[in-house]
Amino acid sequence: MSGKPIMPAMGEYAPWFYARALGGADRFAFSSIAGRHVLMLFCGHAGTPAAQQALALVQSSRTLFDDKTACFFGVTVDPSDEADRRIAQKLPGVRYFLDYDGAISKAYGALSNDAASYEAHWLVLDRELRIRSRYRIDDGERAIADLRTRLAAVEEGWAPVIVVPDVFEPSLCADLIALYESRGGEPSGFMRDVDGKTTLVVDDSFKQRRDCLIEDQTLKDRLSGRIARRLIPAMERAFQFRATRIERYLVACYEAGAGHFRPHRDNTTHGTAHRRFAVTINLNAGDYDGGDLRFPEFGQRTYRAPTGGAVVFSCSLLHEATPVTSGRRYAFLPFLYDEAARKVRDANLDKLAAHRAQAAG
């Protein structure tokens, strides 16, 4: 089909995708960059005079792109840009997507449906990855000035989470910590889709935590009873969602100086697509520093429930566990879903790698 592509409009969420990043991941998850303002340049072919001028502007504004508050992504459809080194990853903050099949450029309206024409342009995205402004490729100074203005005006927001106190009583929290200390924990991984299969990955630079799976059915019943009577009613009021199923019973431990989990979402693979809500029940909230929840799409504000209390949030929210700086953080970390989501889980069972661990995520 030929004709002018449809560009996403201002205020709309930018389309998510996976793509090869120059000098980086072969399957970079665009959704993972939320939490920062983003300047995108759909240059198409970096060798054109307009693209060269645009890239020079990026270089002259290099200090903006620190990967903390802002980052830059260029998009090329020309393999010679990579081969002739017209573009280069420059960390922190400057990366390129290699869009050789044109899928990204078409999704954003830069490449025509018949791939015959390319409308090069800039996009400014906010930290929720919403499209805030668009500029012609020769209007780069305005695009960068717009980004600077938005960075100066950014405010802290509140993430759409609820904090529910007293889900577990102090004695139950103590019992769970004692269980962990008596048995110890195993390294905890996270899930990624690799070659069509949801696979357990262990990478200490991304996540460092140890988990103890709970196997005793009497204890499981005790825990699920507390959640059913003390947590699920709060979720129904806040989210109009009634959870009927719990995925995994485990006690997690984040150690000082190492424990952390970088920004991620909990439902982005075949094997995790059924997850609806994540729950963090703190077992010793006053015994450690750091180790709080943060939702970068809404700012740098952190969240911590009191001992026995829960923070509940949608699995589709980008979130992180900040590094523990002193003490040990213990938490009970289930996922909740319902009968409709169970059908999704059952349909995806054949997409799980053989070594998938229940504790992952």
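Please read all numbers here as calculations on a predicted model, not as lab measurements.

## So, the pattern of salt bridges
- Scanning all chains against the criterion turns up 23 salt bridges.
- R20 serves as the salt-bridge partner of E82, at 2.5 Å between the closest nitrogen and oxygen. Of this pair, E82 sits in helix α2 (residues 79-83) while R20 sits in the loop between β1 (18-19) and β2 (28-29), and the two are 62 residues apart along the sequence.
- Given a relative accessible area of 33%, R20 falls into the partly exposed group.
- Ionic pairing is found between R209 and D211, a salt bridge with its closest N-O pair at 2.8 Å. In this structure, R209 and D211 share a single accessibility class: buried.
- When salt bridges with common partners are traced through the structure, they connect D78, D81, D84 and R86 into a single cluster.

## Points about the layout of surface pockets
- Taken as a whole, the largest pocket encloses approximately 1,200 Å³ of empty space.
- In terms of lining residues, the largest pocket is bounded by 42 residues, among which S32, R192, F206, R262 and P263 are the most central.
- Taken together, the elements giving at least two residues each to the lining of the largest pocket come down to β2, β10 (190-194) and β16 (260-264).
- If one sorts the elements of the lining of the largest pocket by residue count, β10 sits on top with 5 residues.
- Here the lining of the largest pocket is built from residues that sort into 14 nonpolar, 13 polar and 15 charged.

## Some remarks on the UniProt feature "domain: Fe2OG dioxygenase" (unreviewed entry) in the protein chain
- As annotated in UniProt, the feature "domain: Fe2OG dioxygenase" (unreviewed entry) corresponds to residues 245-339 in the numbering used here.
- Taken end to end, residues 245-339 is 1% helix and 49% strand, and its two terminal C-alpha atoms sit 8 Å from one another.

## As for empty space enclosed by the protein
- Taken as a whole, this structure holds 3 cavities of 30 Å³ or more when the rule is applied.
- Counted as a void, the largest cavity has a volume near 160 Å³.
- Lining the largest cavity are 19 residues, and of these R209, Y254, T280, H319 and L333 sit closest to its centre.
- Among the elements of the structure, β16, β17 (277-282) and β22 (319-321) are those that each provide at least two residues to the lining of the largest cavity.
- Looking at the lining of the largest cavity residue by residue, the class counts come to 10 nonpolar, 4 polar and 5 charged.

## Let's talk about the sheet that holds strand β7 (residues 131-136)
- Strands sit in the order β5-β4-β3-β6-β7 across an open sheet of 5 strands; the sheet is mixed. Of all the strands in the sheet, the pair left with one neighbour each is β5 (94-98) and β7. Between one strand and the next, the sheet's axes are offset by a mean angle of 20°, whatever the strand orientation.
- Bridge count for strand β3 (residues 37-44) against strand β4 (residues 70-76) is 7 bridges, and the pairing is parallel. Directly across from M40, in β4, lies its bridge partner F73.
- Helix-sheet contacts for helix α1 (residues 49-60) involve β3, β4, β5 and β6 (121-125), and the interaxial angle to β3 is about 160°.

## Section: the domain arrangement of the protein chain
- Along its sequence, the protein chain is carved into domain 1 (18-152) and domain 2 (162-359).
- Centre-to-centre, using C-alpha coordinates, domain 1 lies 34 Å away from domain 2.
- Listed per partner, the contact involves 8 residues of domain 1 and 8 residues of domain 2.
- Of the roughly 670 Å² buried where domain 1 meets domain 2, counting both sides, 44% is carbon and sulfur surface.
- Its residues assigned to classes, the side of domain 1 that touches domain 2 shows 2 nonpolar, 3 polar and 3 charged.

Each value, and the rule that gives it
Residues numbered from 1 in each chain as written. Predicted model: local features only at pLDDT ≥ 70, side-chain atom pairs only at ≥ 80, totals over all residues. Heavy atoms only, no water. Salt bridge = Lys/Arg side-chain N within 4 Å of Asp/Glu carboxyl O. Helix = DSSP H or I, 4+ residues; strand = E, 2+ residues; numbered from the N terminus. Buried < 20%, exposed > 50% of the residue type's maximum accessible area, 1.4 Å probe, protein only. 1 Å grid on protein atoms, 1.4 Å probe; cavity = no way out; pocket = protein on both sides within 12 Å on 5 of 7 lines; lining within 4 Å. Points joined across faces, edges and corners; volume = space filled by probe spheres on them. Nonpolar A, V, L, I, M, F, W, Y, C, P; charged D, E, K, R; others polar. UniProt positions renumbered as here; feature names shortened; annotations may be inferred. Pairing = 2+ DSSP bridges. Axes fitted to C-alpha atoms, helices over the stretch in contact; angles between N-to-C directions. Contact = heavy atoms within 4.5 Å. Domains from an automatic or database assignment. Buried area = accessible area lost by both parts, 1.4 Å probe.

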